[in-house]
Each structure stands twice: as C-alpha cells, then as structure tokens.
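One-letter residues, chain by chain:
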Amino acid sequence: MIVISQAEDFKCFTEKLEQWFADVEKDQEMISHSTFAETGDLALLKVVQQLDKQVLADPKLLQQLFTTYEHNH
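These lines cover the structure that appears in this document, whether it is placed above or below. Residue numbering note: each chain is counted from 1, following its sequence as written. At least 70 in pLDDT is required for a residue's local features to be given in this predicted model, at least 80 for side-chain atom pairs to be given and counted, and no such filter applies to totals for whole chains, interfaces and linings, which use all residues. Just so you know, side-chain values use all the structure's heavy atoms and leave hydrogens and water out.

### Focus on the overall build of the chain
Scanning the chain for helices and strands turns up 3 helices and 0 strands. The secondary structure listing takes helices from DSSP runs of H or I that are at least 4 residues long and strands from runs of E that are at least 2 residues long, numbered from the N terminus. Along the chain, helices and strands appear, N-terminal first, in the series α-α-α. Throughout, the radius of gyration refers to the C-alpha atoms, and the reference size of a globule is 2.2 Å times the residue count to the power 0.38. Here the C-alpha atoms of the chain give a radius of gyration of 15 Å, more than 25% beyond the 11 Å that 2.2 N^0.38 yields for 73 residues. With the C-alpha coordinates of the chain rotated into their principal frame, the extents come out at 50 × 20 × 15 Å. Sequence-distant contacts in the chain: of pairs separated by 6 or more residues, those separated by 24 or more amount to 61%. The Shrake-Rupley method, run with a 1.4 Å probe, gives the accessible areas here. Residue values count only the displayed protein chains as cover. A total of about 5,700 Å² of accessible surface is found on the chain, and carbon and sulfur atoms cover 59% of it. We call two residues in contact when some of their heavy atoms are within 4.5 Å.

Here's what the structure looks like:
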C-alpha cells in the first residue's frame, strides 16, 4: 500500500510511465510504417500497446515498479 506522503510521488511516477508508453508507442508506430520497417516491427508495436494496458491496469505491478523507481531514483 502507498503511504500518503508518497501519493504525489506515485502520481508523478504513473504520469511519467504513461508518457513513456505513449512516446514508445509513437516511435514504434513511425518505425513500423516507415520504409526502414523490419519484420516484426508492427508486432512489437502491438506488444508495447498490450504492455501499456496491462501495466497501468495492475495496481500491484504499478506498486512494484514504483518501488523499483524510488530505489533507483
């Protein structure tokens, strides 16, 4: 469980994570539709999109990732 003093840090972390996923998805989409696309680039985009949905929907996983982030920040 997140203590109240960490609530703002957790919110900031999830916002950064959401932005990171959005950036990665945008980059991967551009790559997969470019003339430099390689076999599997579109599939990798779908994997990133699925990870985004799963990670942000899983409170336990988010907490684990936040703990890792805090210990390395």
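The rest of the description comes next.
### Re the packing of aromatic side chains
Each aromatic ring pair is summarised here by two numbers: the centre-to-centre distance and the angle between the ring planes. When the centres of two rings from Phe, Tyr and Trp lie within 6.5 Å, Trp using its six-membered ring, the rings pair. Their planes under 30 degrees apart give stacked, over 60 give edge-to-face, and anything left gives tilted. As enumerated under the stated definition, the model contains 5 aromatic pairs in all. The interplanar angle of 50 degrees and the centroid separation of 5.5 Å between the aromatic rings of F13 and F66 together place this pair among those described as tilted. Taken as a pair, F13 in helix α1 (residues 7–32) and F66 in helix α3 (residues 59–72) lie far apart in primary sequence, 53 residues in all. For the pair formed by F13 and F66, the shared burial category is buried. Ring geometry for F13 versus Y69: centroids 5.0 Å apart, planes at 40 degrees, classification tilted. Here F13 is found in helix α1, whereas its partner Y69 is found in helix α3, with 56 residues between them in sequence. Burial here depends on accessible area, computed with a 1.4 Å probe over protein chains only, as a share of the maximum for the residue type. Under 20% is buried, over 50% is exposed, and the range in between is partly exposed. Classification of Y69 by relative accessible area gives partly exposed; the value is 26%. Three or more aromatic residues joined by ring pairs form one cluster here, namely F10, F13, F66 and Y69.

### Points about α1
Turn by turn, an α-helix covers 3.6 residues, leaving residues three or four places apart pointing in a common direction. To estimate the expected span of a helix, subtract one from its residue number and multiply by 1.5 Å. Helix length check: α1, at 26 residues, gives a terminal C-alpha distance of 37 Å against a target of 38 Å (1.5 Å per residue), a fit within 8%. All of the buried residues along α1 are F10, F13, T14, L17, F21, E25, Q28 and S32. Along its buried surface, α1 packs onto α2 (41–57) and α3.

### Points about the pattern of salt bridges
By definition here, a salt bridge exists when the distance from a side-chain nitrogen of Lys or Arg to a carboxyl oxygen of Asp or Glu is within 4 Å. All chains considered together, the criterion is met by 1 salt bridge. In this structure, K11 and E15 form a salt bridge, with 3.8 Å as the shortest nitrogen-oxygen distance. Of this pair, K11 and E15 both sit in helix α1, 4 residues apart, which is roughly one turn of that helix.

Distances and angles like these do not, on their own, reveal function.
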